[in-house]
2 protein chains.
Amino acid sequence: MKFIAEINVMPQKEILDPQGKAVKLGLHNLGIDDVSDVRIGKHITLALDADSEAAAQQQVETACSKLLANMIMEDYTYSLKEA
Amino acid sequence: MKFIAEINVMPQKEILDPQGKAVKLGLHNLGIDDVSDVRIGKHITLALDADSEAAAQQQVETACSKLLANMIMEDYTYSLKEA
């Protein structure tokens, strides 16, 4: 079975996000003043083969926790759907 | 009204994604061999104030097309919900 995983890796809430701050400033310069918070992270799409949804989920968990996210500073969320 | 926009900015399909290729290789080294495609982009969350959903949508469109995405090489998608 083929699955598509949509993964978001974001800086943890307590962690400063200088890139987000810079974008907020940029938005203000564009005239978009009503933005109160901007956070920037990574979005990853994975296409993978697995025998079952549970197996696919385990692969995605491993990929996120061992490679894609730095668990000290980042959190990840993902959704999995059959392709 | 307060809104949260969840924005994904991804490299266009025709564009090579060297970062995605590197991650795919890294996943194979981790023992996750059944991954056929990896694409990496940005995920941005914006908290904004607007009078209506339509106004919020317009602000997000402006932010995406003028600042967050390089329309030559990237595409964006977003979802908007009331906070």
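Up top is the structure these notes are about.
Residues numbered from 1 in each chain as written. Chains lettered and ligands numbered in written order. Predicted model: local features only at pLDDT ≥ 70, side-chain atom pairs only at ≥ 80, totals over all residues. Heavy atoms only, no water.

1. What about the interface of chain A and chain B?
Step number 1: Listed by partner, the interface residues are 29 residues for chain A and 29 residues for chain B.
Step number 2: Buried surface at the junction of chain A and chain B, summed over both partners, amounts to about 2400 Å²; 66% is from carbon and sulfur atoms.
Step number 3: Viewed at the interface, chain B and chain A are joined by zero salt bridges.
Step number 4: Joining chain A to chain B, the criterion identifies 12 residue pairs in polar contact (both at pLDDT 80 or more).
Step number 5: Of all the secondary structure elements, the ones that give two or more residues to the side of chain A that touches chain B are β1 (2–11), α1 (18–29), β2 (35–49) and α2 (53–68) of chain A.
Step number 6: With 15 residues, the single largest contributor to the side of chain A that touches chain B is β2 of chain A.
Step number 7: Across 13 bridges, β2 of chain A lies against strand β2 (residues 35–49) of chain B in antiparallel orientation. (Contact = heavy atoms within 4.5 Å. Buried area = accessible area lost by both parts, 1.4 Å probe. Salt bridge = Lys/Arg side-chain N within 4 Å of Asp/Glu carboxyl O. Polar contact = N/O pair within 3.5 Å; in protein donor to acceptor, adjacent residues only side chain to side chain. Helix = DSSP H or I, 4+ residues; strand = E, 2+ residues; numbered from the N terminus. Pairing = 2+ DSSP bridges.)

2. Examining the packing of α2 of chain A against helix α1 (residues 18–29) of chain B
Step number 1: Running from N to C, α2 of chain A and α1 of chain B cross one another at 110°; their axes reach a closest spacing of 11 Å. What the angle tells us is that α2 of chain A and α1 of chain B run roughly perpendicular. Of α1 of chain B, the residues touching α2 of chain A (which contributes Ala63, Leu67 and Leu68 of chain A) are Val23, Gly26 and Leu27 of chain B.
Step number 2: Here the residues of the contact of α2 of chain A with α1 of chain B are counted per class, giving five nonpolar, one polar and no charged. (Axes fitted to C-alpha atoms, helices over the stretch in contact; angles between N-to-C directions. Parallel < 35°, antiparallel > 145°, perpendicular 65-115°, else oblique. Nonpolar A, V, L, I, M, F, W, Y, C, P; charged D, E, K, R; others polar.)

3. Structural notes on the relation of the copies chain A and chain B
Step number 1: For the pair chain A and chain B, the superposition axis carries a translation of 0.0 Å, the fit reaches an RMSD of 0.0 Å, and the rotation angle comes to 180°. In short, the pair behaves as if placed about a two-fold rotation axis.
Step number 2: By residue overlap, the copies meet face to face through one surface: 100% of the interface positions of chain A are interface positions in chain B. (Least-squares fit on C-alpha atoms with pLDDT ≥ 70 in both.)

4. Some words on the environment of Lys42 of chain A
Step number 1: Mapping Lys42 of chain A onto the fold places it in strand β2.
Step number 2: Taking the relative accessible area as the measure of exposure, Lys42 of chain A reaches 26% and is therefore partly exposed.
Step number 3: Between the C-alpha atoms of Lys42 of chain A and Glu53 of chain A, which are 11 residues apart in sequence, the distance is 23 Å.
Step number 4: Lys42 of chain A has contacts with Ile7, Asn8, Val9, Leu68 and Glu74 of chain A together with Gly41, Lys42 and His43 of chain B, leaving out every residue within four places of it along the chain.
Step number 5: Of note is the side chain of Lys42 of chain A, whose polar atom sits 3.1 Å from the backbone oxygen of Leu68 of chain A. (Buried < 20%, exposed > 50% of the residue type's maximum accessible area, 1.4 Å probe, protein only.)

5. Section: α1 of chain A
Step number 1: Taking 1.5 Å of rise per residue, the 12 residues of α1 of chain A would be expected to cover 16 Å, and the 17 Å separating its terminal C-alpha atoms lies within 8% of that figure.
Step number 2: Considered for burial, the residues of α1 of chain A that qualify are Gly20, Val23, Gly26 and Leu27 of chain A. Across the axial projection of α1 of chain A, the buried residues extend over an arc of 120°, all falling on one side. In this structure, α1 of chain A carries Pro18, Lys21, Leu25 and Asn29 of chain A as exposed residues pointing more than 90 degrees from its buried face.
Step number 3: Tucked inside the fold, the buried residues of α1 of chain A contact β2 of chain A together with β2 and α2 (53–68) of chain B. (Expected span 1.5 Å × (residues − 1). Arc of directions from axis to C-beta.)

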